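Reading the structure
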Amino acid sequence: MTLDALAFGAHADDAELSCGGTLVKLAGMGYKTGVVALTRGETGTRGSAEIRAREFATAAEVMGLTVHKMLDIPDGRVEVTWENKLKIIAEIRAHRPRLVFAPYWTDRHPDHENASQLVRAAAYLAGLKKIETGQESFRPVRLVFCQGRFEFAPSFVVDVSDAHAAKMAAIRAYASQFHLPGQADASPGPGQTLIGRPEFLELIEARDRRFGAQIGVRYGEAFLIREALKVDDPVAFFGPDYLWTIP
Ligand SMILES: [Zn+2]
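Source: prediction; values computed, not measured.

Put simply, the ideal angle at a metal is 109.5 degrees for four donors in tetrahedral geometry and 90 or 180 degrees for six donors in octahedral geometry. Protein coordination at the zinc ion comes from His11 (ND1), Asp14 (OD), Asp14 (OD) and His112 (NE2), with a distance range of 2.0 to 2.5 Å. Each of the four donor atoms bound to the zinc ion contributes to angles spanning 56 to 123 degrees, and the resulting shape is irregular. Sequence spacing among the residues donating to the zinc ion works out to H-x2-D-x97-H. Residue His11 is found in the loop between strand 1 (5-9) and helix 1 (14-28), and its partner His112 is found in helix 4 (residues 110-125); the two are separated by 101 residues along the sequence. Exposure remark for His11: the relative accessible area of 7% places this residue in the buried category. With a relative accessible area of 15%, His112 lands in the buried category.

Below you can see the structure in the form of structure tokens.
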């Protein structure tokens, strides 16, 4: 199955949080999208691998994904190894996405940082014929980094205003991970996690509002690319719709 955009996360729910609105929007525009989680999330403080797999499937449906898949890299031990690169190369070659979304390379969780490195290497290596996986070589057009715990100055912000309700619904599908209204365990303590705190979903909402404000819309998701953007016609590109204010 050929995809237009494929997002990798270390864990189920990583892609929903960082680029879920964009995936919802792209699916709504008729593009084929997918999410690959490198682990099954078995080390998470809350829930279990089985529960997280069910939640992952529900979120995938909410986001209109064509493909969702969990790999079997051990949770908490996402390491930058050749074996793990090959697993990601195989996914890229199987789905041949134009765009690959990866976690930002600086993060609090070592799995996220290593996932970033792995996906970046694999996106390049997938294009080399002599790396054998029994598949045709393929290199995505662009690798795009998504925001996690630490912010970056974005290369671009996607307007996800119309997709934001669905993004939050996809996130709430992870009932084992996030605090939902009516849940009792709101106070910090054993079994409590940062993302399980009641204010976590508000933080996501506030962040998306803030990046939306940067482009003059209600909700936005920020992305980073390492290369320069190619612009053929700067007059048209920086037209009246580009920004709502002149800096
Ligand atoms: Zn994660």
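Having seen it, we continue.
The topology assignment puts Ser176 in the loop between helix 5 (164-172) and helix 6 (199-214). On the accessibility criterion, Ser176 (15% relative accessible area) is buried. For Ser176, the residues in contact, after removing those within four places along its chain, are Arg46, Gly47, Ile51, Arg52 and Glu55.

What follows is about the environment of Ala123. Within the fold, Ala123 resides in helix 4. Assessed through its relative accessible area of 7%, Ala123 is described here as buried. It is 7.3 Å that separates the C-alpha atoms of Ala123 and Leu143, two residues lying 20 residues apart in sequence. Here Ala123 is in contact with Ile92, Arg139, Pro140 and Leu143, once residues within four sequence places are set aside.

Over its 16 residues, helix 6 runs 23 Å from end to end, which matches the ideal 22 Å to within 8%, given 1.5 Å per residue. Of all the positions in helix 6, only Phe200, Leu201, Ile204, Arg207, Asp208, Phe211 and Gly212 are classed as buried. Taken around the axis of helix 6, the buried residues stretch over an arc of 135 degrees, which confines them to a single face. Opposite the buried face of helix 6, by more than 90 degrees, sit the exposed residues Glu202 and Leu203. In this structure, the buried residues of helix 6 make contact with helix 1, strand 6 (156-159), helix 5 and strand 7 (220-224). Of the residues one or two after helix 6, Gly216 is the one with positive phi, at around 75 degrees.

Thresholds applied
Residues numbered from 1 in each chain as written. Predicted model: local features only at pLDDT ≥ 70, side-chain atom pairs only at ≥ 80, totals over all residues. Heavy atoms only, no water. Donors = N, O, S within 2.8 Å, 3.2 Å for Na, K, Ca; no water. Tetrahedral: all angles 85-135°; square planar, octahedral: opposite > 155°, others 65-115°. Helix = DSSP H or I, 4+ residues; strand = E, 2+ residues; numbered from the N terminus. Buried < 20%, exposed > 50% of the residue type's maximum accessible area, 1.4 Å probe, protein only. Contact = heavy atoms within 4.5 Å. Expected span 1.5 Å × (residues − 1). Arc of directions from axis to C-beta.

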